[in-house]
Amino acid sequence: DAGVTQSPTHLIKTRGQQVTLRCSPKSGHDTVSWYQQALGQGPQFIFQYYEEEERQRGNFPDRFSGHQFPNYSSELNVNALLLGDSALYLCASSLGQGAGGYTFGSGTRLTVV
Amino acid sequence: SQQGEEDPQALSIQEGENATMNCSYKTSINNLQWYRQNSGRGLVHLILIRSNEREKHSGRLRVTLDTSKKSSSLLITASRAADTASYFCAPYSQAGTALIFGKGTTLSVSS
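Counting from 1, residues in each chain are numbered in the order their sequence is written. Key to labels: chains lettered from A, ligands numbered from 1, both in the order written. Where local features are concerned, this predicted model is filtered to residues with pLDDT of at least 70; where side-chain atom pairs are given and counted, the filter is 80 or more; whole-chain, interface and lining totals use all residues. Water and hydrogen atoms play no part in the side-chain values, which are based on all heavy atoms of the structure.

We now examine the interface of chain B and chain A. Every contact between the two is made by 22 residues of chain B and, on the other side, 21 residues of chain A. We call two N or O atoms a polar contact when they sit within 3.5 Å, provided that within protein one can donate a hydrogen and the other can accept it, with sequence-adjacent residues counted only if both atoms are side-chain atoms. Joining chain B to chain A, the criterion identifies 7 residue pairs in polar contact (both at pLDDT 80 or more). A run of H or I in DSSP counts as a helix once it spans at least four residues, and a run of E counts as a strand once it spans at least two, with each numbered from the N terminus. When residues of the side of chain B that touches chain A are traced back to their parent elements, those giving at least two are strand S4 (31-37), strand S5 (43-50) and strand S9 (85-92) of chain B. By residue number, the principal contributor to the side of chain B that touches chain A is S4 of chain B, which donates 4 residues. Gly counts as polar in this scheme, as do all residues outside two lists: the nonpolar Ala, Val, Leu, Ile, Met, Phe, Trp, Tyr, Cys and Pro, and the charged Asp, Glu, Lys and Arg. Considered class by class, the residues forming the side of chain B that touches chain A number 10 nonpolar, 10 polar and 2 charged. By definition, residues are in contact when any of their heavy atoms lie within 4.5 Å.

See below:
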């Protein structure tokens, strides 16, 4: 049973560029949440998608946007990259309202130079 | 959504010793979840305790929950070097709200 798959695993981008990160949820899960984790910090909640709608959003600027597809997979897009966007981006999937816990992917390490 | 606050921020012990880390939260919860993160990897769900439970065990893990004090503790018995990781608690308050993580407790187990 495949868990959460994220791609790519590593990415280097230049300031001002745009990036798209992808996430395939665990089989049977329908909710996807995205987190940004800077070095030495806890994961910061970006947003959550359920039924192809953004259900909840954390304190992130509009440069961060997302999408969920009918097959429950999701994308995170970041425009106008800043050096401070360098971080590990984690995707987590859950079933329904998420009360049973999240399954996390291994993350995408984004470096902005 | 609400964030859990883990304490201590860092903990160093020897192999074979027990490790205890604590979590506090602010408002009523449906359940509280503990996660582990090895360096640079994704989080792994360890254990979930419901608001009507006081204690739960899973292998070498023991979790307690005191809803009157809005706190939880995670005990790892007979620690191993492989337990070296960051540990996060996540209070789940109500349906449809995302999990919010704090800074975690970084556990170092030396042999």
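Next comes the rest of the account.
Our next topic: the layout of surface pockets. All names here are of chain B. Size it by volume and the largest pocket reaches roughly 400 Å³. For the lining of the largest pocket, the secondary-structure elements that each account for two or more residues are S9 and strand S10 (105-110). Here the element with the most residues in the lining of the largest pocket is S9; it accounts for 3 residues. Partitioning the lining of the largest pocket into residue classes produces 6 nonpolar, 13 polar and 2 charged. Cavities and pockets are found on a 1 Å grid laid over the protein atoms alone: a cavity is a set of points where a 1.4 Å probe fits but cannot escape, a pocket is an open set with protein on both sides within 12 Å along at least five of seven lines, and a lining residue has an atom within 4 Å of such a point. Grid points are joined across faces, edges and corners, and a volume is the space filled by probe spheres set on the points.

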